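Chain residues, written in single-letter form:
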Amino acid sequence: MQRIRAQRLHRDAGIAIGPILFVVAILGILAAAIAAGSGSFTGSSNTEAARTKAAALIQIGQNLKVGADRLSGLGYDADTINIDPTSTTLDNDLFSPSGGGVGAPSITMANTPATDVWHYTHLSVTNMGTTATELGAFLRVALPVCDQINARANAITGTAAGTAGLAADVGDLASNPSGASSWPALLAGMPTGCFKATGISTGYWYYQIMAVR
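This structure is a prediction, so every number in the text was calculated from the model and none was measured.

Conventions and cut-offs
- Residues numbered from 1 in each chain as written.
- Predicted model: local features only at pLDDT ≥ 70, side-chain atom pairs only at ≥ 80, totals over all residues.
- Heavy atoms only, no water.
- Helix = DSSP H or I, 4+ residues; strand = E, 2+ residues; numbered from the N terminus.
- Contact = heavy atoms within 4.5 Å.
- Areas by Shrake-Rupley, 256 points an atom, 1.4 Å probe, with all protein chains shown as cover.
- Polar contact = N/O pair within 3.5 Å; in protein donor to acceptor, adjacent residues only side chain to side chain.
- Salt bridge = Lys/Arg side-chain N within 4 Å of Asp/Glu carboxyl O.
- Buried < 20%, exposed > 50% of the residue type's maximum accessible area, 1.4 Å probe, protein only.
- Expected span 1.5 Å × (residues − 1).
- Phe/Tyr/Trp six-rings, centres within 6.5 Å; stacked < 30°, edge-to-face > 60°.
- Core = buried A, V, L, I, M, F, W, Y, C linked by side-chain atoms within 4.5 Å.

**Q** Break down the overall build of the protein for me, with residues and values.
**A** The helix and strand inventory of the protein stands at 2 helices and 5 strands. Along the protein, from the amino end to the carboxyl end, the secondary structure elements read α-β-β-α-β-β-β. Long-range pairs, those at least 24 residues apart, make up 59% of the contacts in the protein with a sequence separation of at least 6. Counting only carbon and sulfur atoms, one obtains 60% of the accessible surface of the protein, whose full area is about 11,900 Å².

Structure below.
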């Protein structure tokens, strides 16, 4: 009977598995790095979008103030400036070519563009003018945009979500009332900014004071 001789494996047998495992490990590391990088990119892009919206809103507010200043130069004051955005023909209309000469601002930077609109109202601002009410423009915005507005306009780094000095009950802005029950402490005397409204007007509101009395 012929004996079957066992064959020994070559010394280099199985070595190929090492490089394969190494490549698999490198691919895993790259996949993790790409996932982490995409997450940081998303966060960065969201912050940049908030900054862009904040800058646009501040510019819109300045344009509105220029229109109110023009009407003040024509002899109208905060009480006689017509802030109705549907009225665009009278000499005291903010949005009339012969009046304030500005166009109605876009609502694309609002928190919910489908439902939020600009509000124009009279209310009292702490450390601004006399005890009479000022003329302001307001738009509800998202929290990140609110924080960027305050950082750019007033060098306020605290978030409106948790800073007590940026929260106040300013009445029913949505119904355009005259007057307010309080004003955010950190925004006293500030012509533009953003605050957290409590009570009826819950949300984060960008504002621009257009005329002071």
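After presenting the structure, the write-up continues.
**Q** Which residues make up the environment of Val212, and what are the values?
**A** By secondary structure assignment, the location of Val212 is in the segment after β5 (203-211). Remark: the alpha-carbon pair of Val212 and Pro191, spanning 21 residues in sequence, is separated by 9.2 Å. If we ignore the near neighbours within four places in the chain, the residues touching Val212 are Met128, Gly129 and Glu134.

**Q** Could you give an account of the side chain of Asn92, with specific residues and numbers?
**A** By secondary structure assignment, the location of Asn92 is in the loop between α1 (17-73) and β1 (119-123). Of the polar contacts made by the side chain of Asn92, one reaches the backbone oxygen of Thr80; its length is 2.9 Å. Leaving out residues up to four positions away in the same chain, Asn92 has contacts with Leu71, Tyr76, Thr80, Ile81 and Asn82.

**Q** Describe in detail the pattern of salt bridges, supporting the description with residues and values.
**A** Counted according to the given criterion, the structure contains 4 salt bridges. Between Lys65 and Asp69 there is a salt bridge, and its shortest N-O distance comes to 3.0 Å. In this pair, Lys65 and Asp69 both sit in helix α1, 4 residues apart, roughly one turn of the helix. Of the residues examined, Asp69 reaches a relative accessible area of 38% and is grouped as partly exposed.

**Q** Account for helix α2 (residues 143-154), naming residues and giving values.
**A** Helix length check: α2, at 12 residues, gives a terminal C-alpha distance of 16 Å against a target of 16 Å (1.5 Å per residue), a fit within 8%. Three or more residues of α2 are buried, namely Val145, Cys146, Asp147, Gln148, Ile149, Asn150 and Asn154. After α2 finishes, the residue Ala155 shows a positive phi value of roughly 55°.

**Q** Give a detailed account of the packing of aromatic side chains, specifying residues and quantitative values.
**A** Scanning the entire structure with this criterion turns up 7 aromatic pairs. Taken together, a centroid distance of 6.1 Å and an interplanar angle of 90° make the contact between Trp118 and Tyr206 edge-to-face. Taken together, the residues span a long stretch of sequence, with Trp118 in the loop between α1 and β1 and Tyr206 in strand β5 at a distance of 88 residues. On the basis of relative accessible area, Tyr206 is assigned to the buried category, the value being 0%. On the numbers, 5.9 Å between centres and 45° between planes, the contact of Phe195 with Tyr207 is tilted. In this pair, Phe195 sits in strand β4 (residues 192-197) while Tyr207 sits in strand β5, placing the two residues 12 residues apart along the sequence. When its relative accessible area of 0% is taken as the criterion, Phe195 is described as buried.

**Q** Tell me what's going on with the environment of Ser87, and back it up with residues and numbers.
**A** With respect to the helices and strands, Ser87 occurs in the loop between α1 and β1. With residues up to four places along the chain from it excluded, the contact list for Ser87 reads Asn82, Asp93 and Phe95. A distance of 3.4 Å separates polar atoms of two side chains, one belonging to Ser87 and the other to Asn82. Here the side chain of Ser87 touches Asp93 through a polar contact of 2.7 Å, side chain to side chain.

**Q** I'd love a proper account of the nonpolar core, names of residues and values included.
**A** Counting residues in each nonpolar core, the largest one holds 47 residues, and the members touching the most others are Leu64 and Phe195. Those elements that provide at least two residues to this core are α1, β1, β2 (134-141), α2, β4 and β5. In contact with Phe195, other than residues within four places in its own chain, are Phe138, Cys146, Leu166, Val170, Leu173, Trp183, Pro184, Leu187, Gly203, Tyr204, Trp205 and Tyr207.

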